[in-house]
Amino acid sequence: MKELMLTRPDDMHLHLRDGAALAAVVASSARCFARAIVMPNLQPPVTTIEQALAYRQRILAALPAGLDFEPLMTLYLTGNTRPAEIKRLAGHASVLAVKYYPAGATFNADNGVTTIEKAYPVIEQMAISGVPLLMHGEVNDPGVDIFDREQVFIETILDPLLNRFPGLRVVFEHITTEQAVRYVEQGPATLAATITPQHLLYNRNAIFDHGIRPHYYCLPVLKREPHRLALVAAATSGHPRFFLGTDSAPHAQSAKESACGCAGIYSAPVALEIYIEIFERAGVLDRLEAFASHFGADFYGLPRNTGTIRLQQKDWNIPTTLPYLDDCIIPMRAGEICHWRLVADV
Ligand code: DOR
Ligand code: ZN
């Protein structure tokens with residue numbers, strides 16, 4: 001049987017929610033990831049170091065016994081974030097970065113940034129203190145077509161920002177287009193990007209396949225096939241500034257299957273296995289470990305993990321539904337066959 005040993009990987013972009021939702025999902029990430037960069041888009045948002053540390057404790061308390069998992073926390077950039085809070089972040093062991101959401105662009109983004117220029121004093125302090133800015137790379141202008149919002153973000157927000165603050169460390173989160181791939185490739189060593197399993201596996205046809213399919217809806221939305229191919233090429237290229245970030249984002253079935261369904265795909269139960277399939281299909285399984293376990297840690301200046309996980313090439317059925325609060329959740333690839341299986345006993 002084909003086996004794969006990997007240094008324990010890290011998920012550099014993860015939504016864990018809070019309370020009972022957190023308790024329902026945290027093990028699906030901790031089963032295989034050693035660490036995760038945890039997104040701060042709770043309601044209310046995580047805006048201070050104290051709030052982030054309290055949230056971190058709730059995550060640790062929700063972990064089932066025996067699972068070793070380190071949450072790496074982030075702050076939510078709002079109009080009220082002050083440079084003094086950023087100064088306190090410099091070199092912090094558990095709160096590593098600040099997340100930029102354009103106001104209203106996605107789930108729980110209402111407290112995000114309306115005009116980036118207003119955040120420049122805070123961002124300047126981030127550049128000085130070496131604190132990475134994690135960017136939801138879209139504009140939220142109703143006049144811009146939803147499929148063009150990432151490209152317009154590059155032109156109107158990201159490029160001017162990097163020109164103004166050349167030392168700023170930026171993670172362009174969950175990139176979805178060929179333009180983003182090229183921009184990161186040509187960018188400085190201080191610019192990196194995460195790539196999700198859904199953007200590697202699907203194009204936008206998946207959302208409209210014989211009817212509207214809410215479980216394929218996330219933001220940024222899936223794009224055309226040439227963009228997917230550019231993402232697969234980037235992820236599997238061995239380029240050190242593209243790394244794993246699942247953007248696993250749980251929502252109850254009823255919140256997804258609705259007249260106004262939430263954006264987000266719950267990939268954590270199968271995300272690592274999907275990346276393996278993508279690399280295997282590309283014929284470069286030997287490059288997976290760097291993408292999943294090395295490049296993210298290197299970019300954040302973290303030590304690489306020392307533990308190991310083992311996977312076997314063995315088919316198993318992904319559940320059609322999982323319990324979630326008093327509802328259910330439909331995981332990514334629900335009801336399909338997964339070709340790799342994590343072996344728990346290493
Ligand atoms: O699809 C998404 N879901 N995109 C985001 O940016 C947020 C996330 C969520 O928190 O549900
Ligand atoms: Zn996200």
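Refer to the structure printed above.
Remember, predicted model here, so these are calculated numbers, not experimental data.

A. Examining the overall build of the protein more closely. When helices and strands are counted, the protein shows 11 helices and 13 strands. In terms of its C-alpha atoms, the protein occupies a principal-axis envelope of roughly 55 × 45 × 40 Å. When burial is assessed residue by residue, the protein has 58% of its 346 residues classed as buried. In the protein, 72% of the contacts between residues at least 6 apart in sequence involve partners at least 24 apart. Here the protein contributes 30 positively and 36 negatively charged side chains, and the mean placements of these two sets differ by 2 Å.

B. Molecular detail of the coordination of the zinc ion (ligand 2). The zinc ion (ligand 2) binds to the protein through His13 (NE2), His15 (NE2) and Asp247 (OD), with metal-donor distances spanning 2.0 to 2.1 Å. Summarised as a motif, the one-chain spacing of the donors to the zinc ion (ligand 2) is H-x1-H-x231-D. Taken together, the residues His15 in the loop between β2 (10-14) and α1 (19-30) and Asp247 in the loop between β9 (242-244) and α9 (253-256) connect sequence positions 232 residues apart. Assigned by exposure class, His15 and Asp247 land together as buried.

C. Main features of the packing of helix α5 (residues 149-164) against helix α6 (residues 178-186). For the pair α5 and α6, interaxial distance at closest approach is 10 Å and the crossing angle is 20°. The angle between α5 and α6 places the two elements in the roughly parallel class. For α5 against α6, the interelement crossing comes out right-handed. Between α5 and α6, the residues in contact are Glu150, Gln151, Ile154, Leu158, Asp159 and Leu162 and Gln179, Ala180 and Tyr183, respectively. Here the contact of α5 with α6 is built from residues that sort into 5 nonpolar, 2 polar and 2 charged.

D. Highlighting the environment of Gln313. Along the chain, the position of Gln313 falls in strand β10 (residues 308-317). For Gln313, a relative accessible area of 32% puts it in the partly exposed group. Linking Gln313 and Ser29, residues 284 residues apart in sequence, is a C-alpha distance of 20 Å. For Gln313, the contacting residues outside a window of four places in its chain are Met1, Lys2, Glu280, His339 and Trp340.

E. Spotlight on helix α2 (residues 49-62). Between its terminal C-alpha atoms α2 stretches 20 Å, which fits the 20 Å expected from 14 residues at 1.5 Å a residue. Against the buried residues of α2 lie α1, β3 (35-38), β4 (70-76), α3 (83-89) and β5 (95-100).

F. Representation of the sheet that holds β2 within the structure. Strand order across the open sheet formed by 8 strands is β2-β3-β4-β5-β6-β7-β8-β9, with parallel pairing between neighbours. Single-partner strands in this sheet number two, and they are β2 and β9. Direction aside, the axes of adjacent strands within the sheet are offset by 30° on average. For β3 and β4, the ladder comprises 4 bridges, and the chain directions are parallel. Looking across to β4, one finds that Ala36 is bridged to Pro71. Most of the contacts of α6 go to strand β8 (residues 191-195), to which it runs at about 145°, and overall it touches β7 (170-173), β8 and β9.

G. Region of the structure containing the site of ligand 1. Near ligand 1, the surroundings consist of His15, Arg17, Asn41, Thr106, Phe107, His136, Cys218, Leu219, Ala249, His251, Ala263 and Gly264. At 2.7 Å, a side-chain N or O of Arg17 approaches an oxygen atom of ligand 1. Between Ala263 and ligand 1, the recorded distance is 3.0 Å, taken from a backbone N or O atom to a nitrogen atom. Taking 290 Å² as the accessible area of ligand 1 by itself, protein coverage stands at 100%. In this structure the site holding ligand 1 corresponds to the largest cavity. Taken together, the residues of the shell around ligand 1 sort by class into 5 nonpolar, 6 polar and 1 charged.

H. Spotlight on the sheet that holds strand β1 (residues 3-7). One open sheet accounts for 3 strands, arranged β1-β10-β13; its pairing is antiparallel. Sheet topology places β1 and β13 (337-343) at the edges, where each strand pairs with a single neighbour. Strand-to-strand twist in this sheet, taken as the mean axis angle between neighbours without regard to direction, amounts to 35°. Across 6 bridges, the pairing between β10 and β13 is antiparallel. Paired with Trp316 across the bridge in β13 is Cys338. On top of the sheet, helix α10 (residues 271-281) reaches β1, β10 and β13; it is set at about 115° to β13, its chief contact.

So, how was this worked out
- Here the residue numbers are simple positions, counted from 1 along each chain's written sequence.
- Both sets of labels track the order of writing: A upward for chains, 1 upward for ligands.
- Totals for whole chains, interfaces and linings use all residues, but because this is a predicted model, local features are given only for residues with pLDDT of at least 70 and pairs of side-chain atoms are given and counted only at 80 or more.
- Each side-chain value is derived from all of the structure's non-hydrogen atoms; neither hydrogens nor water enter the calculation.
- Helix and strand assignments come from DSSP, with helices taken as H or I runs of at least 4 residues and strands as E runs of at least 2, each series counted from the N terminus.
- For every residue, the accessible area obtained with a 1.4 Å probe (protein chains only) is divided by the maximum for its type, and the residue is called buried under 20%, exposed over 50%, and partly exposed between those limits.
- In this analysis, two residues are considered to be in contact whenever any of their non-hydrogen atoms come within 4.5 Å of each other.
- The charged-residue count follows a simple rule in which Lys and Arg add positive charge and Asp and Glu add negative charge, with His and chain termini not counted at all.
- Every charge is mapped onto a representative atom, which is NZ of Lys, CZ of Arg, CG of Asp or CD of Glu.
- Donors, by definition, are the N, O and S atoms found within 2.8 Å of a metal, the threshold being 3.2 Å for Na, K and Ca, and water is not counted, so a site can look incomplete.
- Simply put, an axis is a line fit to the C-alpha atoms, just over the touching stretch for a helix, and the angle between two N-to-C directions goes from 0 to 180 degrees.
- By the definition adopted for this analysis, an angle is roughly parallel if under 35 degrees, roughly antiparallel if over 145, roughly perpendicular if from 65 to 115, and oblique otherwise.
- In this scheme the crossing of two helices becomes right-handed for a clockwise turn of the near helix relative to the far one and left-handed for an anticlockwise turn of less than a right angle.
- All residues other than Ala, Val, Leu, Ile, Met, Phe, Trp, Tyr, Cys, Pro, Asp, Glu, Lys and Arg, Gly among them, are scored as polar; the first ten of these are nonpolar and the last four charged.
- In this analysis, the expected span of each helix is defined as 1.5 Å times one less than the number of residues it contains.
- Note on pairing: DSSP must find at least two bridges between two strands before they are called paired.
- Nearness here has a simple test: a residue counts as near a molecule or strand if at least one of its heavy atoms is within 4 Å of that partner.
- In protein, a polar contact requires one atom able to donate a hydrogen and another able to accept it; more generally it is a pair of N or O atoms within 3.5 Å, and residues adjacent in sequence count only if both atoms are side-chain atoms.
- Here the open area of atoms and residues is found with the Shrake-Rupley method and a 1.4 Å probe, where only the protein chains shown may cover a residue.
- Using only the protein atoms, space was sampled on a 1 Å grid; points where a 1.4 Å probe fits but cannot get out form cavities, open sets with protein on both sides within 12 Å along at least five of seven lines form pockets, and lining residues are those with an atom within 4 Å of a point.
- The way we define it, a molecule is inside a pocket or cavity when more than half of its atoms are within 2 Å of that pocket's grid points.

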